[in-house]
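So you can see what is in the structure, the chains are spelled out below.
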Amino acid sequence: MDTFWIGLGVVLGSVGVLGYYAFVFLPAQLHRWRCQSLRAFAKAIELRTQGRYGDTELLAQLALAVSTRLGIEGYERKRLELAIYLRDIGMVGIPYALLNKTTPLSPMEQLTLARHAEIGAAIVEQIPGLSAVAELVRLHHVVYAQHPDAPLSAHLLAALSDFVEIAHHQDYDAALATLRAGAGDRYHPQVVQAIEAELAARPLTSWAPLRRSAALWLGLMVYPLKDLTRLLVELARH
Amino acid sequence: MSPERREQLRRRYWLWHGLLSAAALMILIGVGNPLQQGGHAPLLLGLGGVALLAELLLVRYPLRHGYTDRGIWMSVSTPIVAAVILLYGWPIGVWLDAGVTFGAGLLTTRLKQSCLHWVWLNTAQSIVCAAGAGAWLPVVLPQLPFTPGLNLALALLGILIAYSLINILLVSITVTLAEGVRLRWVLRESLFDLPRETLPMFLLSLLLMVMLRLYGFIGSLAVLAPYLALRQAFILYTRQHELYHQTIRSLGFLIQRAHPYTGGHLQRVAQWGRKVAERLGLPPERCELVYEAALLHDLGKTVLDERILNKTGKLTPREWAQIQRHPQLGAEILSNVPFLNEIVPWIAYHHERLDGKGYPYGLEGDQIPLEARIIAVVDAFDAMIGGEAPSQQRQYRRALSIEEALEELRRGAGTQFDPQVVMVFEQVVQEWLPLSRIAGGK
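Bear in mind the structure is a predicted one, so any value in this text is a computation, not a measurement. (Residues numbered from 1 in each chain as written. Chains lettered and ligands numbered in written order. Predicted model: local features only at pLDDT ≥ 70, side-chain atom pairs only at ≥ 80, totals over all residues.)

Undergrad: Explain the overall build of chain A here, please?
TA: A tally of helices and strands in chain A yields eleven helices and zero strands. Residue burial in chain A is summarised as follows: out of 238 residues, 33% are buried. (Helix = DSSP H or I, 4+ residues; strand = E, 2+ residues; numbered from the N terminus. Buried ≥ 20, exposed ≤ 12 C-beta atoms within 10 Å, placed from the backbone.)

Undergrad: It is not clear to me how the overall build of chain B should be interpreted in this structure. Could you clarify?
TA: Counting its regular elements, chain B contains 21 helices and zero strands. Across the 442 residues that make up chain B, the buried fraction comes to 39%. A sequence separation of at least 24 residues applies to 69% of the contacts in chain B between residues at least 6 apart. (Contact = placed C-beta atoms within 7 Å.)

Undergrad: Explain the interface of chain A and chain B here, please?
TA: Interfaces are frequently sized by the accessible area removed from exposure as the parts join. On the side of chain B, 38 residues touch chain A, which itself brings 33 residues to the contact. Of all the secondary structure elements, the ones that give two or more residues to the side of chain A that touches chain B are helix H1 (2–48) and helix H4 (96–99) of chain A. For the side of chain A that touches chain B, the element with the highest residue contribution is H1(A), accounting for 25 residues. Across the side of chain A that touches chain B, the residue classes tally to 21 nonpolar, eight polar and four charged. (Nonpolar A, V, L, I, M, F, W, Y, C, P; charged D, E, K, R; others polar.)

Undergrad: Where do I start with the packing of helix H7 (residues 116–134) of chain B against helix H9 (residues 148–179) of chain B in this structure?
TA: A pair of packed helices can be characterised by two numbers: the angle between their axes and the separation between those axes. Residues and elements named next belong to chain B. Interhelical geometry of H7 versus H9 gives an angle of 145° and a closest axis separation of 8 Å. In this structure, H7 meets H9 at a crossing whose hand is right-handed. Along its contact with H7, which presents Leu 121, Gln 125, Val 128, Cys 129, Ala 130, Gly 132, Ala 133 and Gly 134, the element H9 presents Ile 159, Ala 162, Tyr 163, Ile 166, Asn 167, Leu 170, Val 171 and Thr 174. Here the residues of the contact of H7 with H9 sort into eleven nonpolar, five polar and no charged. (Axes fitted to C-alpha atoms, helices over the stretch in contact; angles between N-to-C directions. Left-handed = near helix turned anticlockwise from the far one by under 90°.)

Undergrad: Teacher, can you tell me more about the confidence of the model for chain B here?
TA: Regions with low pLDDT carry predicted coordinates that are not meant to be interpreted in detail. All names here are of chain B. For chain B, mean pLDDT is 80; residues scoring 70 or higher make up 87% of the total. When the elements of chain B are averaged for pLDDT, helix H2 (residues 35–38) gives the smallest value, 64, and helix H18 (residues 344–348) the largest, 93. Segment residues 61–74: pLDDT under 50, and 24 contacts once partners within four positions in sequence are set aside and those in other chains are kept. Across residues 390–396, where pLDDT falls below 50, the model places 14 contacts with residues more than four positions away in sequence or in other chains. Taken together, the chains of this predicted complex give a pTM of 0.68 and an interface ipTM of 0.72. (pLDDT = per-residue confidence, 0-100.)

Undergrad: Please explain the nonpolar core as it appears in this structure.
TA: Generally speaking, soluble globular proteins have nonpolar side chains that are buried together. A:Ala63, A:Leu86, A:Ala159, B:Leu334, B:Val377, B:Val378 and B:Phe425 are the most contacted members of the largest nonpolar core, which has 103 residues in total. When sequence neighbours within four positions are dropped, the list of residues in contact with A:Leu86 reads A:Leu38, A:Phe41, A:Gly120, A:Val124, A:Val133 and A:Val137. Of all hydrophobic cores here, the second largest spans 57 residues; its members include B:Val50, B:Ala133, B:Met201 and B:Leu230. (Core = buried A, V, L, I, M, F, W, Y, C linked by C-beta atoms within 7 Å.)

Undergrad: Help me understand H7(B), please; the structure alone is not making it clear to me.
TA: Each α-helix turn comprises 3.6 residues. Residues three or four places apart therefore point the same way. If you check H7(B), its first and last C-alpha atoms are 27 Å apart, about what 19 residues at 1.5 Å a residue would give, namely 27 Å. The buried fraction of H7(B) amounts to 15 of the 19 residues, a majority that puts the element mostly inside the structure. (Expected span 1.5 Å × (residues − 1).)

Undergrad: What exactly am I supposed to notice about the environment of B:Gln246 here?
TA: Within the secondary structure layout, B:Gln246 lies in helix H12 (residues 224–258). The residues contacting B:Gln246, other than those within four sequence positions of it, are A:Ile127 and A:Gly129.

Undergrad: Quick question: what am I supposed to make of the packing of helix H8 (residues 152–169) of chain A against helix H10 (residues 189–201) of chain A here?
TA: Residue and element names in this part refer to chain A. Interaxial distance between H8 and H10 falls to 9 Å at its minimum, and their mutual angle equals 60°. The pairing of H8 with H10 is recorded here as oblique in orientation. Of the two possible hands of crossing, H8 and H10 adopt the one that is right-handed. Where H8 abuts H10, its residues His 155, Leu 156 and Ala 159 lie against Val 191, Val 192 and Ile 195. Taken together, the residues of the contact of H8 with H10 break down into five nonpolar, one polar and no charged. (Parallel < 35°, antiparallel > 145°, perpendicular 65-115°, else oblique.)

Undergrad: Whenever I open this one, helix H7 (residues 131–138) of chain A confuses me. Can you help?
TA: All buried positions along H7(A) are accounted for by A:Val133, A:Leu136, A:Val137 and A:Arg138. Buried-residue contacts for H7(A) involve helix H3 (74–86), helix H6 (116–126) and H8 of chain A.

Undergrad: Sorry, what's going on with the environment of B:Val128 here?
TA: Residues and elements named next belong to chain B. For Val 128, the location among the structural elements is in helix H7. Judged by C-beta crowding, with 21 C-beta atoms within 10 Å, Val 128 ranks as buried. Sequence-wise, Val 128 and Met 26 are 102 residues apart; in three dimensions their C-alpha atoms are separated by 9.8 Å. Non-local contacts of Val 128, meaning those with residues more than four positions away in its chain, are made with Leu 20, Ala 23, Ala 24, Ile 27, Ile 166 and Leu 170.

Undergrad: Looking at this structure, I do not really get the environment of B:Val424. What am I missing?
TA: Mapping B:Val424 onto the fold places it in helix H21 (residues 419–438). Contacts of B:Val424, omitting those with residues within four sequence positions, involve B:Val276, B:Arg279 and B:Leu280.

Below, the structure is given as structure tokens:
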């Protein structure tokens, strides 16, 4: 009888470990990798536009926190996460001079600039495995009054895109005021409400330093380790 | 590879084939028919079926193009063979392994595009592995000092590790002979993966042993469940590699949008870069990275004003300063991708010169990584022959002929370019020339 229970334990244990590894751990890691690699695209656009369309990392943090509040989960949440980094990819197709113009844009120029969502969606559609994200990229400046039935995550992306842009040029309060003024018209009221609730629970000022120290800590941890292994490899080679 | 070298490799490969076959046949004859002693025939047939199924269920993908598919991934029937060796003795294990490998090989010849002698080589390899992994067992097992259960587990681990080591050695030699790469690299590469592969195999094997003891053949069917998990894991691993290539390809798209290259420029630079790296004796993994780095070397240009990039006239000092930022910008973009960390410095330094007059950092000589020196030479050559943007030509010079461009490289060797890289690159170009003429290239 004893062997039976031990055997059962071993069986269930190893099935559990393997199952966890294959169906939980690896997919999560894969998704993390994917988001990290897309960060390169976001960085390229940020450098091209000199950051005038807002801090993508801030947007990512806010969007993830708010999406939990809105009940965006599972596949939709993953899609949203990928769309955050890809949303402005269409900016590569917009002339540099227009992107970096400091004077106010004419209506014609604004129309050209607005095409970046469409261009971005066209680019993202080309990449196999990311075509589902194209919809969110296309709708990432969606206007609530015009498309009330667009996915909730697209409305969230639209509100937060404007939020970080205004926050970059003015401050958080002005950005939040704009969202509040546009709720129900330009922005989805439910989304604005959730953002407000999130900001009330965790004031934004407390976020940025935390992020930076985490990055610093990670960098400190990872880089010496990497150098050390490289050193060992070099030593072994000679 | 020259024809003589190829012929030499072929001869060695067949010699190796013969040696392995002889060893395997001798082992099989020496072992005889193991079923006469035991009488486990139905059980073994059943187990063989399970092992075969497991082997066929696991789809093998080629992981990296251009390099032998990393199918060195342990044969998935190994855990079953290990458990059988421990429970029923190594002769039975040898026959089981031989049968499964041969059967699976035959069933998948079409899929893997292999041929009969390849299937037999695999079978011979597995026979030698199983014999080598199990033959020491009757001597060592009684002497292990722990409790019986722990002894068995230790012996199982020993069998698996011995099997894997012998397998890696044999496969590496075969790959070395078939592909003409250095044994050391292949060995290092596969040894690196060993611990990661042994753990799941050990768990599976343990599971199988316990199930066989407790429930007989029916119990062994339960092993298929974790196999499916393992398969899923393997598929995800390949996805990870796909993702890697996808990222690089999409970044390539991005570059082409920003700068009106001819489609061929980046491809040519990348291919030449890889060839030069191979000639210089870099390990295959590294050569592949050089290919990717060369593909992405101008990533920083996506950030710049396209009016400067497309300008046909002479650049003002200010515009030139902008252009000089592009290696740094490219590095900054790529540093966000953790799995491309290695190529970041190569991209940052691909416009440095040996004499320290390059941009943006003005590094000298050995401070510049070899890979960056390779990219510098190859990129400069393709730009000189007008491959970068033939419709508009580079602002400050007309396109040179190939001979003139090579002459220019030679003149710059030692000051601007690495002389060794230039020398090797000349050979690469000489080989590429006839091909390009046939294809109607420049």
